[in-house]
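Residue strings, one per chain:
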Amino acid sequence: MKLKTIVIDDEPIALEKLRAYAMKVPYIDLLMAFDNPISALEYLSFHQVDLIFTDIEMPDLNGMDFVAGLTSPPMVVFTTAYDNHAVDSYRLHAVDYLLKPYSFVSFQQAAGRALEQARLREAPSPEPSANLFIKTDTRYIKVDQADIYYIKGFGEYLQVYLRTQPTPLVTLSSFAAIRRHLGPEFLQIHRSYIVNLDNVRQIERSHITVADDTSLPVSDSYRAALQQYLSNRTIGGSHNQ
């Protein structure tokens, strides 16, 4: 992977240093070097880049205002002779902040952080596992997601209702935590319920009946998501639906 990069500094010596350092890093593809951010803005309107090294203190437009004004800013490393910009730079989600005079080692470390971020962005998201381990007291119980009828939230706990046992598993967790591990067949239909739509017997406007004949409420705030799920999985109905 190579990072398409531009560098910006209004001081000729500092700009040449940025250019020289960038050309030494094998995974940096240096596209352009600019002595002012206005020219860089024009370039970015026609070209896509992955990374910008830019000075902060520049006439007409400083580096932070330059980055803040970008619609979809790429990764950014700020360079500056002053140490009072660090907090503001991280508010702009800067990859790093180099205090002049910085060394090639510091430059390379900043570039390495950018490369790591780029690789993380391109890494495919892991598919949810078909199995979960649910912790109840001191036990970790292996559960096949296909066996889950629904999940009920109450306070800081969840009750996981299964077709393989008459009583639910109770665990200290939240909907947000368990949802990260569930497949697309699971949908929240109420602030207190997530249902496995693969185990649903019938759906009405305000209720869902699961395979064990339990009726679960569908609240107004989650009805649109349920309708969206059903829109590509429904046969029949009126022509204007």
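Since the model is a prediction, treat every value here as computed from it, not as a measurement. (Residues numbered from 1 in each chain as written. Predicted model: local features only at pLDDT ≥ 70, side-chain atom pairs only at ≥ 80, totals over all residues. Heavy atoms only, no water.)

Caption draft 1: Highlighting the sheet that holds strand β11 (residues 186-190). Across the sheet, five strands lie side by side as β10-β9-β8-β12-β11; this open sheet has antiparallel pairing. In this open sheet, the two strands that pair with only one neighbour each are β10 (169-172) and β11. Recorded for the sheet is a direction-independent mean angle of 20° between the axes of neighbouring strands. In the sheet, β11 pairs with strand β12 (residues 193-196) via four bridges, with the strands oriented antiparallel. From the neighbouring strand, Leu 187 faces β12, where its bridge partner is Val 195. (Pairing = 2+ DSSP bridges. Helix = DSSP H or I, 4+ residues; strand = E, 2+ residues; numbered from the N terminus. Axes fitted to C-alpha atoms, helices over the stretch in contact; angles between N-to-C directions.)

Caption draft 2: Representation of the pairing of strand β6 (residues 131-136) within the structure. Where burial is concerned, the two faces of β6 differ: the one with Leu 132, Ile 134 and Thr 136 is buried and the one with Asn 131, Phe 133 and Lys 135 is not. In this structure, β6 lies alongside strand β7 (residues 139-144), joined through six bridges in antiparallel fashion. Within β7, the residue paired with Asn 131 across the bridge is Asp 144. A loop of two residues connects β6 with β7, the two strands running antiparallel in sequence, and Asp 137 in this loop sits at a positive phi of about 55°. (Buried < 20%, exposed > 50% of the residue type's maximum accessible area, 1.4 Å probe, protein only.)

Caption draft 3: Main features of the pattern of salt bridges. Here the structure, examined in full by the defined rule, presents seven salt bridges. Notably, a salt bridge pairs Lys 100 with Asp 9, separated by 2.9 Å at the nearest N-O pair. Of this pair, Lys 100 sits in the loop between β5 (96-99) and α5 (104-122) while Asp 9 is found in the loop between β1 (3-8) and α1 (12-24), placing the two residues 91 residues apart along the sequence. Considered together, Lys 100 and Asp 9 belong to a single accessibility category, that of buried residues. A salt bridge links Arg 113 to Asp 96; the shortest N-O distance between them is 2.3 Å. In this pair, Arg 113 sits in helix α5 while Asp 96 sits in strand β5, placing the two residues 17 residues apart along the sequence. (Salt bridge = Lys/Arg side-chain N within 4 Å of Asp/Glu carboxyl O.)

Caption draft 4: Structural context of α1. Compared with an ideal rise of 1.5 Å per residue, which puts 13 residues at 18 Å, α1 spans 19 Å between its outermost C-alpha atoms and is within 8% of the ideal. Within α1, the full set of buried residues consists of Ala 14, Leu 15, Leu 18, Tyr 21 and Ala 22. Relative to the axis of α1, the buried residues are bounded by an arc of 130° and lie together on one face. Exposed side of α1, more than 90 degrees from the buried face: Pro 12, Ile 13, Met 23 and Lys 24 are the residues found there. In this structure, the buried side of α1 is in contact with β1, β2 (28-34), β3 (51-55), β4 (75-80) and α5. (Expected span 1.5 Å × (residues − 1). Arc of directions from axis to C-beta. Contact = heavy atoms within 4.5 Å.)

Caption draft 5: Structural view of unusual backbone geometry. The omega angle of the peptide bond from Lys 100 to Pro 101 is -5°, so this bond is cis rather than trans. A positive phi is found at Asp 137, a non-glycine position, where the angle reads about 55°. Along the chain, Asp 137 turns up in the loop between β6 and β7. Here Asp 213, not a glycine, exhibits a phi torsion of approximately 75°, which is positive. As for its position among the elements, Asp 213 is in the loop between β14 (207-210) and β15 (215-217). The class for Asp 213 is exposed, based on a relative accessible area of 53%.

Caption draft 6: Representation of the packing of aromatic side chains. By the definition in use, this model includes eight aromatic pairs. Aromatic pair Tyr 21 and Phe 104: ring centres 5.3 Å apart, planes at 65°, arrangement edge-to-face. Residue Tyr 21 is found in helix α1, and its partner Phe 104 is found in helix α5; the two are separated by 83 residues along the sequence. Relative accessible area serves as the criterion here: at 15%, Tyr 21 is assigned to the buried category. Exposure remark for Phe 104: the relative accessible area of 22% places this residue in the partly exposed category. On the basis of an interplanar angle of 20° and a centroid distance of 4.4 Å, the ring pair of Phe 53 and Phe 107 is categorised as stacked. With Phe 53 in strand β3 and Phe 107 in helix α5, this residue pair connects regions lying 54 residues apart in the sequence. Note on accessibility: Phe 53 and Phe 107 belong to one class, buried. Among the aromatic residues, those joined into a cluster by ring pairs are Tyr 21, Phe 53, Tyr 102, Phe 104 and Phe 107. Sitting above the plane of the Tyr 102 ring, Lys 17 keeps its charged end 4.3 Å from the centroid. (Phe/Tyr/Trp six-rings, centres within 6.5 Å; stacked < 30°, edge-to-face > 60°. Lys NZ or Arg CZ within 6 Å of the ring centre and 35° of its normal.)

Shape is all these values report; function is a separate question.
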